[in-house]
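Chain by chain, the residues:
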Amino acid sequence: MILATLTLLAAVQPQPALPNGWSLTPLTLVNAPEGLACTATHAYVRNWSGDVAVWDGALWSSLPRQTESAYGRTLAASPDGHVFLEAGAGIREWDGATWRAHSLDRWDGDVDAQLIAPSATEVYYVGNGRIARRTTTGFGTYSAGTWRALTAVALVGDDLWVGGQGGTILQLHQSTWTRLDTQIDRWIRRILALAPNDVWALADGETYNRSTVLHWTGRSWLRSDQGLPEDISVSGIGGAVDALYAVGDFGLMRWSGTTWQPELTSADLGEGYHALDEVCATDRHILVTDRGGHVLTRAR
Amino acid sequence: MSTPSPRLSAILVTLGAALLLPTIVRADAISGPPACPPGSRGRSSHAGQWCEPWTCTADDTCGAAAKCRPWRVCTKASDVEPGGMRAEPAPPMRMQLVVGTCDPALGCRGDEEPPPLLVGKLLADAPQCRDDRHCVADDLPALPPRTGDVAAPPPPSPSPPATTTTGAAPAAPPPGCGCTSTTNNFASLALLALLLRRRRA
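Residues numbered from 1 in each chain as written. Chains lettered and ligands numbered in written order. Predicted model: local features only at pLDDT ≥ 70, side-chain atom pairs only at ≥ 80, totals over all residues.

Engineer: I'm lost on the overall build of chain A in this one. Help?
Structural biologist: Looking only at helices and strands, one finds 2 helices and 28 strands in chain A. Relative to its length of 300 residues, chain A is compact, with a C-alpha radius of gyration of 19 Å against a globular reference of 19 Å. In terms of overall dimensions, chain A has C-alpha extents of about 75 × 45 × 30 Å along its principal axes. Put simply, chain A has 300 residues, and 50% of those count as buried. Taking the contacts inside chain A whose residues are at least 6 apart along the sequence as the reference set, 43% of them involve residues at least 24 apart. (Helix = DSSP H or I, 4+ residues; strand = E, 2+ residues; numbered from the N terminus. Rg over C-alpha atoms; globule rule 2.2 N^0.38 Å. Buried ≥ 20, exposed ≤ 12 C-beta atoms within 10 Å, placed from the backbone. Contact = placed C-beta atoms within 7 Å.)

Set out below in structure tokens:
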């Protein structure tokens, strides 16, 4: 009887409060999260096989399970709630009512490449020397101005930027691709465009256990990884202009304007902690996923 | 002491093998071929990933998505250890790795941009460039302007590709396939998926 009472008390105990207003919640609807995407109002989490959970700002729910798995890591969501998943050598779309499979003609690329969806009719995905874009009938494959393996894509103002192997970042301005000087030759994994003069890139570091963070201020790329751990790589960067974060095995760090500062450490997260992996922002919250099936949230 | 029955012996042998195998069997993993500049193709082995010159004499040796045409391919020598599990360490092999390519009219030196993926220990010598007939992938269509709905792209053009620079080169050929058109290689994808999972574990 005593044991049962203690067990019940333990079950209803609130989780210990985390520093800086963060709370940690098990994400039971999707096992082993791989990708995270936000719109202004919602957040979306996918796993390797393509299961997707949706957060509306208060509650999590699941999108209907697909009849065929959609293997990959990345996803994007358009403001009207269409969800796009990389799915092997194709794209899988949730249109609000059903899942649709889109093939990619002449595709050559690896999974774990960035997807963006500024609208449900304008969607981009990158591969080896090519970029896929939504058309009136499906997706088309176009030149990305390079032969290199690409894993990053962003819309910067009216221009499209892509990034990938060899320190490559290319800008498409008025039908012309131009290589930007990143001053590194290591792989650009992700590009995050917060504003035309506030663009961030996450790249490989000098060694396997380091990362490089670059910041575009409107005129040039500047190395901006001051304060990041020198022996632990960054898994993801994301957030908003006033709340930019880097996440990884070290926990969560926030950009102060001049340096990265610890906001949550692995010790803060405590037992059951898994490496933090992705971060994004809605209009009202910051969300972080880990690889073990947890989500961290904080009001902005 | 009695002799074990044949059935018990079989069970014991199976159990013994199951316990022993993990100590003598090692996992094997090779990444897929990398993306490579025009005039070269991707290769991979236990040693790593690299690009090699893709010379040719006629279009039909380049597959459906590339043409045999004059192209400049620049290489650097690298001493590459074979990699993989061996009883004895193998001596490094000297290989010529592609570091840059261009239309011959542009006269590139091979050091204008970061190279594709490389393997081994590069020698300090300057790149060696060679104008020859190489397989060069056909151009993909240009991305249409952003305004309005985008129509589907046209089918591949049978005409030779236009002159390009290293900064705006045609897309790479299907890595490593040599002479086949781009296809969805499910086996490669499955291997890649496995490798990705292992890397993240």
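More follows now that the structure is in view.
Engineer: It is not clear to me how the overall build of chain B should be interpreted in this structure. Could you clarify?
Structural biologist: Scanning chain B from N- to C-terminus turns up 2 helices and 6 strands. What you see in chain B, going N to C, is helices and strands ordered as α-β-β-β-β-β-β-α. When the 201 residues of chain B are sorted by exposure, 34% land in the buried category. Summarising the internal contacts of chain B: among those between residues at least 6 apart in sequence, 67% fall at separations of at least 24.

Engineer: What am I meant to see in the pairing of strand β13 (residues 139–143) of chain A here?
Structural biologist: Note on strand geometry: in a regular strand, side chains alternate between the two faces of the sheet. A large share of β13 of chain A lies buried, amounting to 5 of its 5 residues. Here strand β12 (residues 130–134) of chain A folds back onto β13 of chain A, and the loop between the two strands holds 4 residues. (Pairing = 2+ DSSP bridges.)

Engineer: Mind showing me how you'd approach the nonpolar core here?
Structural biologist: Nonpolar side chains in soluble globular proteins tend to be buried together. Core analysis: the largest hydrophobic core is formed by 117 residues, its most contacted members being V153, V162 and L287 of chain A. Excluding residues that lie within four positions of it along the chain, L287 of chain A makes contacts with L36, C38, A43, V279, C280, V295, L296 and T297 of chain A. (Core = buried A, V, L, I, M, F, W, Y, C linked by C-beta atoms within 7 Å.)

Engineer: Sorry, what's going on with the sheet that holds strand β8 (residues 90–94) of chain A here?
Structural biologist: Picture the strands of a sheet paired through backbone hydrogen bonds; they go either parallel or antiparallel. All names here are of chain A. A sheet is described by the order of its strands in space; here 4 strands give the open sequence β6-β7-β8-β9, paired in antiparallel fashion. Bordering the open sheet on either side are β6 (75–77) and β9 (99–103), each of which pairs with just one other strand. For this sheet, the mean angle separating the axes of adjacent strands, direction not counted, is 20 degrees. Where β8 lies against β9, 5 bridges are found, and the strand directions are antiparallel. Along β9, the bridge assignment pairs E93 with R100. (Axes fitted to C-alpha atoms, helices over the stretch in contact; angles between N-to-C directions.)

Engineer: Help me understand the environment of D204 of chain A, please; the structure alone is not making it clear to me.
Structural biologist: Residues and elements named next belong to chain A. Checked against the element boundaries, D204 lands in strand β19 (residues 198–204). On a C-alpha basis, the gap between D204 and D185 in space is 9.3 Å, while along the polypeptide they are 19 residues apart. When near neighbours in sequence (up to four residues on either side) are disregarded, D204 contacts R186, W187, R189, S211 and T212.

Engineer: Looking at this structure, how should I read the sheet that holds strand β11 (residues 122–127) of chain A?
Structural biologist: All names here are of chain A. The strand order across the open sheet built from 4 strands is β10-β11-β12-β13, with neighbouring strands paired in antiparallel fashion. Both outer strands of the open sheet, β10 (115–119) and β13, are each paired with one neighbouring strand and no more. Between one strand axis and the next, the sheet turns through 20 degrees on average, direction left out of account. Where β12 and β13 come together, 5 bridges link them in antiparallel fashion. Bridge pairing links A132 to T141 in β13.

Engineer: I'm lost on the confidence of the model for chain B in this one. Help?
Structural biologist: Atom-level detail of predicted coordinates should not be read off regions where pLDDT is low. Residue and element names in this part refer to chain B. Summing up the model confidence of chain B, the mean pLDDT is 75 and the portion of residues at 70 or higher is 59%. Looking over chain B, one finds the lowest element-wise mean pLDDT in helix α2 (residues 186–200), namely 46, and the highest in strand β6 (residues 128–137), namely 98. Here residues 20–25 is a poorly scored stretch, pLDDT under 50, and it has 0 contacts once near neighbours within four places are set aside; other chains count. Low pLDDT (under 50) marks residues 158–201, which in the prediction has 96 contacts with non-local residues, meaning those over four places away or in another chain. The ipTM assigned to the predicted complex is 0.86, against a pTM of 0.82. (pLDDT = per-residue confidence, 0-100.)

Engineer: Help me understand the confidence of the model for chain A, please; the structure alone is not making it clear to me.
Structural biologist: Considering every residue of chain A, the mean pLDDT works out to 92; 94% of them sit at 70 or more. Predicted confidence is poor over residues 1–14 of chain A, with pLDDT under 50, and the contacts of this stretch with residues over four places away or in other chains come to 0 contacts.

Engineer: Explanation requested: the pairing of strand β16 (residues 168–173) of chain A in the structure shown.
Structural biologist: Residue and element names in this part refer to chain A. Pairing of strand β15 (residues 159–164) with β16 involves 5 bridges; the strand directions are antiparallel. From the neighbouring strand, G163 faces β16, where its bridge partner is I169. Taken together, β15 and the strand that follows it, β16, pair antiparallel across an intervening segment of 3 residues, in which G166 is found at a positive phi of about 75 degrees. As paired elements, β16 and strand β17 (residues 176–179) share 4 bridges and run antiparallel to each other. If you follow L172 over to β17, its bridge partner there is W177. Where β16 folds back on β17, the antiparallel hairpin that results is connected by 2 residues, among which Q174 adopts a positive phi of roughly 50 degrees.

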